[in-house]
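Here is what each chain is made of, one letter per residue.
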Amino acid sequence: MAIRDVLKMGDPRLVAPARPVEDFASPDLGQLIVDMHDTMRSLNGAGLAAPQIGVGLQVVIFEVVANPRYPDAENVPFTVLINPVLTPLSDVIEEGWEGCLSVPGMRGLVPRHAALRYQAFDASGQPIDRSVSGFHARVVQHEVDHLHGILYPMRIRDLRYFGFTDTLFPGQALQDD
Ligand code: NI
């Protein structure tokens, strides 16, 4: 088990495109996923992308199970996506509040596709193909953006809806990262 440091906005590694994984049998890949899982759990994150711990590979993980950072969110099963490709399933765009472990203490209102299909590979190289909506779709879009060097503040349309969590949501006891 290894909890890794999460890079913060301003680090150039967060805005660099990640490379596809080519060797699914590599022990380094397995260790990367373990470290990402341990790091996400330790910070109560809903998701984490490899570039956030300084690894420029197309690997993301996410999980939402009674997450104190997202008290109203539906459950999302623990998922590892390698080399993911997203396809929107409609033109409907929804605005929703997001935070990011690389932008601690802040939240912003971010437009995302309401429904999409994602295709990827799991940790053992088996294909994944799911169609999802709502918070699940939002989390996937947020995490896959990290693989393209995009942080959620870059997608906020009205910066009046970007601010400090404890000021935006006073008394809601949301964690500040
Ligand atoms: Ni993030």
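Remember, predicted model here, so these are calculated numbers, not experimental data.

Visitor: Tell me about the overall build of the protein, residues and numbers included.
Guide: Of regular secondary structure, the protein possesses three helices and eight strands. Order of helices (α) and strands (β) in the protein, N terminus to C terminus: α-β-β-β-β-β-β-β-α-β-α. Radius of gyration (C-alpha) of the protein: 15 Å, near the 16 Å computed for a compact globule of 177 residues. Here the C-alpha coordinates of the protein stretch approximately 45 × 35 × 30 Å along the principal axes.

Visitor: Hey, could you go over the coordination of the nickel ion for me, with residue numbers and the actual values?
Guide: In this structure, Cys-100 (SG), His-142 (NE2) and His-146 (NE2) serve as the protein donors to the nickel ion, at separations of 2.1 to 2.3 Å. Between consecutive donors of the nickel ion, the numbers of intervening residues give the motif C-x41-H-x3-H. Residue Cys-100 is found in the loop between strand S4 (93-98) and strand S5 (106-113), and its partner His-142 is found in helix H2 (residues 134-147); the two are separated by 42 residues along the sequence. Summarising the burial analysis for this pair, Cys-100 and His-142 share the class buried.

Visitor: For H2, give the residues involved together with the corresponding values.
Guide: Taking 1.5 Å as the rise per residue, H2 with 14 residues should run 20 Å; its terminal C-alpha atoms sit 21 Å apart, in good agreement. H2 sits mainly inside the fold: 13 of its 14 residues count as buried. Once H2 ends, the next one or two residues include Gly-149, with phi positive near 75 degrees.

Visitor: An account of the pairing of strand S7 (residues 127-133) is needed here, citing residue identities and associated values.
Guide: As defined by bridge partners, strand S6 (residues 115-121) adjoins S7 across seven bridges and the pair is classed as antiparallel. Within S7, the position partnered with Arg-117 by the bridge is Ser-131. With antiparallel pairing between neighbouring strands as the criterion, S6 and S7 make up a hairpin whose turn holds five residues, including Gly-125 at a positive phi of roughly 90 degrees.

Visitor: A description of unusual backbone geometry should follow, citing residues and the corresponding values.
Guide: In the Ramachandran plot, Asn-44 falls in the positive-phi region, its phi being about 55 degrees despite a non-glycine side chain. The topology assignment puts Asn-44 in the loop between helix H1 (27-42) and strand S1 (47-49). Exposure remark for Asn-44: the relative accessible area of 28% places this residue in the partly exposed category. Not every positive phi belongs to a glycine, and Asn-83 is a case in point at roughly 50 degrees. The topology assignment puts Asn-83 in strand S3 (residues 76-88). With a relative accessible area of 15%, Asn-83 lands in the buried category.

Visitor: Before we move on, can you summarise the pairing of S5 with the specific residues and values?
Guide: Judged by how many residues are buried, S5 sits mostly within the fold: seven of eight residues are covered. Sheet analysis places S4 next to S5, joined by six bridges and oriented antiparallel. Bridging across to S5, Glu-95 finds its partner in Pro-111. Of the strand pairs in this sheet, S5 and strand S8 (residues 162-164) are connected by three bridges, and their pairing is antiparallel. Its bridge partner lying in S8, Met-106 is registered against Phe-164.

Parameters and conventions
- Residues numbered from 1 in each chain as written.
- Predicted model: local features only at pLDDT ≥ 70, side-chain atom pairs only at ≥ 80, totals over all residues.
- Heavy atoms only, no water.
- Helix = DSSP H or I, 4+ residues; strand = E, 2+ residues; numbered from the N terminus.
- Rg over C-alpha atoms; globule rule 2.2 N^0.38 Å.
- Donors = N, O, S within 2.8 Å, 3.2 Å for Na, K, Ca; no water.
- Buried < 20%, exposed > 50% of the residue type's maximum accessible area, 1.4 Å probe, protein only.
- Expected span 1.5 Å × (residues − 1).
- Pairing = 2+ DSSP bridges.

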